[in-house]
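# Per-entry structural report
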Amino acid sequence: MAKQTKAQKARTGVTLELLPFADAIKLVKDNAKAKFDESIEIAVNLGVDPRHADQQVRGVVNLPSGTGRDVRVAVFAKDAKADEARAAGAEYVGAEDLYEQINGGLMDFDRVIASPDMMALVGRLGKVLGPRGLMPNPKVGTVTPNVAQAVKDAKGGAVEFRVEKAGIAHGGIGKASFTQEALEANVKAYVDALNRAKPSGAKGTYVKRITLSSTMGPGFKVDPASLTA
C-alpha cells in the first residue's frame, strides 16, 4: 500500500458518506490548511445532457457573501456609458481601442461586459473570448445598457454558471477564511440558482450529486436533500 503523505494524514473527517451541507462546509474549512487563503469550490452533477438545446443550464447568481476575489472587469462602451463603467470601477473600458488591445493579447481580466451597441465589435473577438468563457451574453447580464450596475454586480459577488459536457456545473463560492454562515449562504444561493435554471428538457433527478472542496483539500459529498429542507 502506498504511503500516505503528511498532508493526507492530517486530513480530518474524510468520508464517502453523504453529509448535510453545513457539516461538509465545516470539514472543508477544517481541511483548508495551505499557507494561503484557499478558495472554496462547489461541483454539482446535474441530470441533463448539454448536447440537447432544451437541456442547457446557464445563468448568474449573486452570492450574498461575495466571492472573496478581486474581479477584474473589461467593458465595451462609448461616451457616457464608458464614463459610468469607469466610475463603477472597471479596469478596462473602451471600444475599438479595447478591441485592438484584446486582439493583441490583453487578457488581464475575469469578466467582459458590453453595451448592446458594441456587440457587433465584440463578436469579432469570439474566437478569443469564447473558449475562455468570457464572451458577453444577455442571459447572464453581461450584455446590458446598464454597464455600471453590471460592473458593480461583477465586483460584488455575481458568479456565472454553465453546465459542461459531462453535466457538471462548478464554481467558486468563497474563501476558507469566510465564516461558516457566509459559506452556507453562498452554497444555498448557488444551488437555488441552479434549481431556478432547470431546463424544460431535464428528466428524472435534476440535482444528482454535490461536492464541496478547497483548493488543496479533499472533496466532501453533500446530501442534496439537506439543501431543500
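The notes below deal with the structure included here.

Conventions used here
- Residues numbered from 1 in each chain as written.
- Predicted model: local features only at pLDDT ≥ 70, side-chain atom pairs only at ≥ 80, totals over all residues.
- Heavy atoms only, no water.
- Helix = DSSP H or I, 4+ residues; strand = E, 2+ residues; numbered from the N terminus.
- Rg over C-alpha atoms; globule rule 2.2 N^0.38 Å.
- Buried < 20%, exposed > 50% of the residue type's maximum accessible area, 1.4 Å probe, protein only.
- Contact = heavy atoms within 4.5 Å.
- Areas by Shrake-Rupley, 256 points an atom, 1.4 Å probe, with all protein chains shown as cover.
- Lys, Arg positive; Asp, Glu negative; His and termini not counted.
- Charge placed at Lys NZ, Arg CZ, Asp CG, Glu CD.
- Pairing = 2+ DSSP bridges.
- Arc of directions from axis to C-beta.
- Expected span 1.5 Å × (residues − 1).
- Core = buried A, V, L, I, M, F, W, Y, C linked by side-chain atoms within 4.5 Å.
- Axes fitted to C-alpha atoms, helices over the stretch in contact; angles between N-to-C directions.
- Parallel < 35°, antiparallel > 145°, perpendicular 65-115°, else oblique.
- Left-handed = near helix turned anticlockwise from the far one by under 90°.
- Nonpolar A, V, L, I, M, F, W, Y, C, P; charged D, E, K, R; others polar.
- Polar contact = N/O pair within 3.5 Å; in protein donor to acceptor, adjacent residues only side chain to side chain.
- Salt bridge = Lys/Arg side-chain N within 4 Å of Asp/Glu carboxyl O.

A separate point is the overall build of the protein. Within the protein, the secondary structure is distributed over 8 helices and 9 strands. The C-alpha radius of gyration of the protein comes to 19 Å, within 12% of the 17 Å expected for a compact globule of 229 residues. In terms of overall dimensions, the protein has C-alpha extents of about 60 × 45 × 35 Å along its principal axes. When the 229 residues of the protein are sorted by exposure, 46% land in the buried category. The long-range fraction of contacts in the protein, counting pairs at least 24 apart against all pairs at least 6 apart in sequence, stands at 73%. Total accessible area on the protein is roughly 12100 Å²; 50% of this is exposed by carbon and sulfur atoms. Counting 32 positive and 26 negative side-chain charges, the protein places the averaged centre of each group 7 Å from the other.

Looking now at the pairing of strand E5 (residues 111–114). Here E5 shows a buried face lined by Arg111 and Ile113 and a second buried face lined by Val112 and Ala114. In the sheet, strand E3 (residues 73–76) pairs with E5 via 4 bridges, with the strands oriented parallel. Pairing of Phe76 across the sheet is with Ala114, part of E5.

A few words now on helix H7 (residues 147–156). Among all positions in H7, only Val147, Ala148, Ala150, Val151 and Ala154 are buried. The buried residues of H7 occupy one face: seen down the axis, they fall within an arc of 165°. On its buried face, H7 is in contact with E3, helix H3 (79–88), E5 and strand E6 (158–162). Immediately beyond the C-terminal end of H7, within one or two residues, lies Gly157, with a positive phi of roughly 130°.

This part is about helix H8 (residues 180–196). The first and last C-alpha atoms of H8 sit 24 Å apart over 17 residues, in line with the 24 Å expected at 1.5 Å per residue. Taken together, the buried residues of H8 touch helix H2 (21–30), strand E1 (39–46), strand E2 (58–62), E6, strand E7 (168–175) and strand E8 (207–214).

On to the side chain of Asn186. Mapped onto the fold, Asn186 is located in helix H8. Setting aside residues up to four positions removed in sequence, Asn186 forms contacts with Leu63, Pro64, Ser65, Gly66, Ile173 and Phe178.

With that out of the way, let us pick up the nonpolar core. Grouped together as the largest cluster of nonpolar side chains are 38 residues, with contacts concentrated most on Ile42, Leu46, Val187 and Tyr190. Of all elements in the fold, only H2, E1, E6, E7, H8, E8 and strand E9 (220–222) reach the threshold of two or more residues within this core. Per-element accounting of this core gives the leading share, 8 residues, to H8. Apart from the residues lying within four places of it in its own chain, the contact partners of Val187 are Phe21, Ile25, Ile42, Ile173, Leu212 and Leu227. Among the nonpolar cores identified, the runner-up in size contains 16 residues, and Ala95, Leu98, Val122 and Leu125 belong to it.

Right, let's get into the packing of H3 against H7. Between H3 and H7, the least distance of the axes is 8 Å, while the angle of their chain directions is 25°. Considering the angle they form, H3 stands roughly parallel to H7. As H3 runs across H7, the sense of the crossing is right-handed. In this structure, H3 uses Lys81, Glu84, Ala85 and Ala88 to contact H7, whose residues at the interface are Val147, Ala148, Val151, Lys152 and Lys155. Here the residues of the contact of H3 with H7 sort into 5 nonpolar, no polar and 4 charged.

A word on the side chain of Arg111. Relative to the helices and strands, Arg111 is located in strand E5. Judged by its relative accessible area of 13%, Arg111 falls in the buried class. At a separation of 2.8 Å, a polar atom in the side chain of Arg111 contacts the main-chain carbonyl oxygen of Ala158. Every residue in contact with Arg111, bar those within four places of it in the chain, is listed here: Val71, Arg72, Val73, Ala74, Leu134, Thr142, Ala154, Ala158, Val159 and Glu160.

With the rule as written, the count across this model stands at 9 salt bridges. Here Asp30 and Lys26 are joined by a salt bridge, their closest N and O atoms 3.1 Å apart. Placement of both Asp30 and Lys26 in helix H2 is noted, with a separation of 4 residues, approximately one turn of the helix. Via salt bridges that share partners, Arg69, Arg72, Asp108 and Asp110 belong to a single interconnected network.

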